[in-house]
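One letter stands for each residue in the lines below.
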Amino acid sequence: WTSMDIVALKQAIYNHTYDVLNTLKQNGVTPEWVQIGNETDNGLLWPTGQLSLTGGPANYAVLINSGYDAAKAVNSAIKVVVHVSNGFDNALFRWNFDALKNNGGKWDVIGMSVYPDAVYSNYLNNLLLNMNDMITRYSKPVMISEVGMDVNNSAGCKAMLTDLMTRSASLGQNCLGVFYWEPEAYYPWKNYNKGAFDSTGKPTLAMDAFLLN
């Protein structure tokens, strides 16, 4: 897609999104949620849709809207997620979603990632503040699209997840869920250390948090 202008990119996103979702639908699978892009902190499809560049915010909204429209064309009940990393960073989220809103962007759910350190309380305190702000500011529910923590601290990870799910549940229907990113990425697969399976390929204690909630 490197040679495409914004008009061609808009059509390409629509075609790709529609094709994938319609193929799933024809095979009996209609997703409840569809995410357009992944951790689009500074937009997507750089440099055309790069938020920090001149014209980027308008292009970012055009591209997100194209994916949104394609998802709705397959099934109007699909909820479209725009996903940004560092869910504890309120300034980042306001910058991103204000740009979308000010340029006519459309979305149904605000997705967030959070990868806390071992001392996680401040991360979760700021995350909850940001979740509440997003719900109030944009009248949209939130979702923890990705969460993870050091696999070698499974007890700490379980405690963090339990705390996170308690905080998320306090928002009621305004928080749609908490999803661990790549829990089965057993350590040391590709040196990734934030999964939740150990070197024998078995789930760690961290996964027990999901049994309790």
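For the structure itself, consult the block above.
Residues numbered from 1 in each chain as written. Predicted model: local features only at pLDDT ≥ 70, side-chain atom pairs only at ≥ 80, totals over all residues. Heavy atoms only, no water.

## Here we look at the overall build of the chain
- From N to C terminus, the chain includes 6 helices and 5 strands.
- The secondary structure elements of the chain, listed N-terminal to C-terminal, are α-β-α-β-α-β-α-β-α-β-α.
- Taking 2.2 N^0.38 as the reference for a compact globule, 213 residues should give roughly 17 Å; the C-alpha atoms of the chain span a radius of gyration of 18 Å, in line with that estimate.
- Viewed in the frame of its principal axes, the chain has a C-alpha envelope of about 50 × 40 × 30 Å.
- Considering only contacts in the chain between residues 6 or more positions apart, those separated by 24 or more positions represent 69%.
- Approximately 10500 Å² of the chain is accessible, and the part contributed by carbon and sulfur atoms is 52%. (Helix = DSSP H or I, 4+ residues; strand = E, 2+ residues; numbered from the N terminus. Rg over C-alpha atoms; globule rule 2.2 N^0.38 Å. Contact = heavy atoms within 4.5 Å. Areas by Shrake-Rupley, 256 points an atom, 1.4 Å probe, with all protein chains shown as cover.)

## Structural notes on the state of the cysteines
- Per the stated rule, a full pass over the model turns up 0 disulfides.
- Unpaired in this structure, Cys157 has its nearest cysteine sulfur neighbour in Cys175, at a distance of 17 Å. (Disulfide = S-S within 2.5 Å.)

## What about the side chain of Ser168?
- As for its position among the elements, Ser168 is in helix α5 (residues 154-169).
- With residues near it in sequence (within four places) discarded, Ser168 still touches Met131, Ile144, Cys175 and Val178.

## Quick word on α5
- The first and last C-alpha atoms of α5 sit 22 Å apart over 16 residues, in line with the 22 Å expected at 1.5 Å per residue.
- Of the positions making up α5, those classed as buried are Gly156, Cys157, Met160, Leu161, Leu164, Met165, Arg167 and Ser168. All buried residues of α5 lie within an arc of 165 degrees about the axis, which places them on one face of the element. (Expected span 1.5 Å × (residues − 1). Buried < 20%, exposed > 50% of the residue type's maximum accessible area, 1.4 Å probe, protein only. Arc of directions from axis to C-beta.)

## Regarding the pairing of strand β2 (residues 79-84)
- Counted residue by residue, β2 has 5 buried out of 6 residues, so it is predominantly covered.
- Bridging between strand β1 (residues 33-35) and β2 involves 3 bridges; their strand directions are parallel. Residue pairing across strands places Val34 opposite Val80, the latter belonging to β2.
- This β-α-β element, β1 to helix α2 (residues 56-74) to β2, shows right-handed connectivity.
- Bridge count for β2 against strand β3 (residues 109-114) is 4 bridges, and the pairing is parallel. (Pairing = 2+ DSSP bridges. Right-handed = clockwise from strand over helix to strand, strands pointing away.)

## Observations regarding the pairing of strand β5 (residues 175-180)
- Pairing between strand β4 (residues 142-147) and β5: 3 bridges, direction parallel. Within β5, the residue paired with Val142 across the bridge is Cys175.
- You can see the chain leave β4, run along α5 and come back into β5, and the turn it takes is right-handed.

## Section: the sheet that holds β2
- If you walk across this open sheet you meet the 5 strands as β1-β2-β3-β4-β5, and the pairing is parallel. Unpaired on one side and paired on the other, β1 and β5 mark the two borders of the sheet. The average angle at which neighbouring strand axes cross in this sheet is 25 degrees, direction not considered.
- Where helix α3 (residues 90-102) meets the sheet, its contacts fall on β2 and β3, and the angle it forms with β2 comes to roughly 135 degrees. (Axes fitted to C-alpha atoms, helices over the stretch in contact; angles between N-to-C directions.)

## Quick notes on the packing of aromatic side chains
- One pass over the structure, following the stated rule, counts 7 aromatic pairs.
- Consider the rings of Phe97 and Trp107, whose centres lie 5.2 Å apart with planes at 55 degrees: the pair is tilted. Taken together, the residues span a long stretch of sequence, with Phe97 in helix α3 and Trp107 in the loop between α3 and β3 at a distance of 10 residues.
- In this structure Phe97 comes out as buried when scored by relative accessible area, which is 0%.
- Ring plane angle 50 degrees and centroid distance 5.9 Å describe the contact between Phe97 and Tyr138, whose orientation is recorded as tilted. With Phe97 in helix α3 and Tyr138 in helix α4 (residues 121-138), this residue pair connects regions lying 41 residues apart in the sequence.
- Grouping aromatic residues by their ring pairs yields a cluster made of Phe93, Phe97, Trp107 and Tyr138. (Phe/Tyr/Trp six-rings, centres within 6.5 Å; stacked < 30°, edge-to-face > 60°.)

## Comments concerning unusual backbone geometry
- For the bond running from Trp46 to Pro47, omega is 0 degrees, close enough to zero to count as cis.
- Summarising the element assignment, Pro47 is placed in the loop between β1 and α2.
- Looking along the chain, the bond that leaves Tyr187 and enters Pro188 is cis, with omega of 5 degrees.
- The residue Ser139 is not glycine, and still its phi comes out positive at about 55 degrees.

Taken by themselves, the reported measurements are silent on function.
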